[in-house]
Amino acid sequence: MSNESIQEIVCCMGQPVAGNPSQFMMERAFAAAGLDWRYLTLEVSPDNLAAAVAGMKAMGFRGGNFTIPHKVAVIPHLKRLSEAAELMGAVNCIYREGDGFVGENTDGKGFVSALKEVVEPEGKKVVMFGAGGAARAIAVELGLSKVASVDVVNRDAGRGRDLSNLLSQRVGIESKWIPWNGTHQLAEDADIVINATSIGMCDSTAKLPVDPDSFRDSMIVADVIFNPPWTQFLQEAQDAGCRTIDGLGMLVNQGVIGFKIWTDVDPDPGVMREALEEYLQI
Ligand code: NDP
């Protein structure tokens, strides 16, 4: 496609934005859907965020993704937030509405849609490792999908308590923070176990401090890590007979949701996953 034919632009803003798998995935999906759209990766410093969002408006961008460190800071520049983004207090996806942008968070939605390919979350007991941005997004969406409970296992007490309070007080599900000192023993009645920490990113040998003997074959075990997608954690879970979900599913599905929000067209998730696998050389 020539530059003259570009109809619409979306972008990803973060700092630094080095080698963005989302750009590769989205541009493939645009081409596969026959859309003359572009997905730009733009490095924006915190000082320039307001000007960058104003620039997106002025240049008629349809929307964009925001990564670290802009997920919270972008909020004052938006006209409104979705329910999930408001609860999480973080935005990773925006789309144009009239003269402004609406803030959404597709990370948790992407996770839940990957999970739903395996199991319905309603009524399930969840154990989640981590309480950072990805964990918050996933836990809130799981709460909105009416899971029975989410135990938040995290080292840092402030972040752990904050997330469990959010879940019990604002999302309305049972939740408690469990301190993570040493090796964690999974509760026998856990249905869904999720690694939402950064342990395993770019390190296939990294090990989550969880006793592998505490996995039960009835558990569904998911990891947010997408590079490499097959982690030690998933390997141990599979060895124990658990069904597993890798982080590529979440990444593809959040991309599918963003694509649909911006274009109103359903993309081909197979094309998107293939593009990611090619990019990550899996
Ligand atoms: P944050 O920095 O916000 O949170 C990181 C979390 O990991 C914190 O809870 C932190 O615990 C925990 N953690 C890190 N190292 C350790 C350790 N050695 N032991 C115990 N806990 C640890 O990151 P994000 O939540 O934004 O991202 C987490 C991961 O999810 C990243 O690798 C990111 O790439 C991935 N991700 C994947 C997506 C996908 O689509 N698959 C989408 C979004 C993110 P503490 O609070 O105690 O410091």
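In case you missed it, the structure is sitting above this.
Residues numbered from 1 in each chain as written. Predicted model: local features only at pLDDT ≥ 70, side-chain atom pairs only at ≥ 80, totals over all residues. Heavy atoms only, no water.

Engineer: With reference to specific residues and values, describe the sheet that holds strand E11 (residues 220–223).
Structural biologist: Spatial strand order, E9-E8-E7-E10-E11-E12: 6 strands in an open sheet with parallel pairing. Looking at which strands have only one partner, the edges of the open sheet turn out to be strand E9 (174–179) and strand E12 (243–245). Strand-to-strand, the axes of this sheet are offset by a mean angle of 20 degrees, without reference to chain direction. For strand E7 (residues 125–129) and strand E10 (residues 192–195), the ladder comprises 4 bridges, and the chain directions are parallel. Looking at E10, one finds that Val127 is bridged to Val193. Sheet contacts for helix H7 (residues 232–239): E7, E10, E11 and E12; angle to E11, the most-contacted strand, approximately 170 degrees. (Pairing = 2+ DSSP bridges. Helix = DSSP H or I, 4+ residues; strand = E, 2+ residues; numbered from the N terminus. Axes fitted to C-alpha atoms, helices over the stretch in contact; angles between N-to-C directions. Contact = heavy atoms within 4.5 Å.)

Engineer: How would you summarise the sheet that holds strand E6 (residues 100–104) if you had to cite specific residues and measurements?
Structural biologist: Read across the sheet, 6 strands follow the order E2-E1-E3-E5-E6-E4 without closing on themselves; strand pairing throughout is mixed. Unpaired on one side and paired on the other, strand E2 (37–43) and strand E4 (80–81) mark the two borders of the sheet. As defined by bridge partners, strand E3 (residues 63–66) adjoins strand E5 (residues 93–97) across 3 bridges and the pair is classed as antiparallel. Its bridge partner lying in E5, Gly64 is registered against Ile94.

Engineer: Can you lay out the site of the ligand for me, pointing to particular residues and giving the numbers?
Structural biologist: Around the ligand lies a shell of 22 residues, among which Ala134, Asn154, Asp156, Arg159 and Val224 are the nearest. Here Gly133 contributes a backbone N or O atom positioned 3.0 Å from an oxygen atom of the ligand. In the model, an oxygen atom of the ligand is placed 3.3 Å from a nitrogen or oxygen of the Leu251 main chain. If you list the elements that add at least two residues to the shell around the ligand, you get helix H5 (133–144) and helix H8 (247–263). In terms of residue count, H8 provides more of the shell around the ligand than any other element does, 3 residues in total. (Near = heavy atom within 4 Å. Polar contact = N/O pair within 3.5 Å; in protein donor to acceptor, adjacent residues only side chain to side chain.)

Engineer: Outline the pairing of strand E1 (residues 8–14), listing residues and values.
Structural biologist: Of all 7 residues that make up E1, 6 are buried, and the element is covered over most of its length. Strand direction decides the pairing type here: E1 and E2, joined by 7 bridges, are parallel. Note on E2: the bridge partner recorded for Glu8 is Trp37. (Buried < 20%, exposed > 50% of the residue type's maximum accessible area, 1.4 Å probe, protein only.)

Engineer: Please give an account of unusual backbone geometry that cites residues and values.
Structural biologist: The omega torsion of the bond from Ile68 to Pro69 falls at 10 degrees, within 30 degrees of zero and hence cis. Structurally, Pro69 can be placed in the loop between E3 and E4.

Engineer: Tell me what's going on with the pairing of strand E8 (residues 149–154), and back it up with residues and numbers.
Structural biologist: When you tally the buried positions in E8, you get 6 out of 6 residues, the bulk of the element. Taking every second residue as pointing to the same face, both faces of E8 are buried, with Ser149, Asp151 and Val153 on one and Val150, Val152 and Asn154 on the other. As judged from the 5 bridges shared by E7 and E8, these two strands associate in the parallel manner. In the strand pairing of E8, Val127 is matched with Asp151. Taken together, E7, H5 and E8 constitute a β-α-β crossover, and its handedness is right-handed. As judged from the 6 bridges shared by E8 and E9, these two strands associate in the parallel manner. (Right-handed = clockwise from strand over helix to strand, strands pointing away.)

Engineer: A description of the nonpolar core should follow, citing residues and the corresponding values.
Structural biologist: Side chains of a nonpolar character, in soluble globular proteins, are inclined to be buried together. By size, the foremost hydrophobic cluster in this structure holds 34 residues, and its most contacted members are Phe111, Ile138, Leu142, Leu167 and Ile194. By residue number, the principal contributor to this core is H5, which donates 6 residues. Taken domain by domain, the makeup of this core includes at least three residues from each of domain 1 (3–105 + 250–280) and domain 2 (108–245). Each residue touching Leu142, except ones within four places of it in the same chain, is listed here: Phe111, Val112, Leu115, Pro121, Val126, Val147 and Ile194. Core analysis: the second largest hydrophobic core is formed by 20 residues, Ala29, Phe226, Leu276 and Leu280 among them. (Core = buried A, V, L, I, M, F, W, Y, C linked by side-chain atoms within 4.5 Å. Domains from an automatic or database assignment.)

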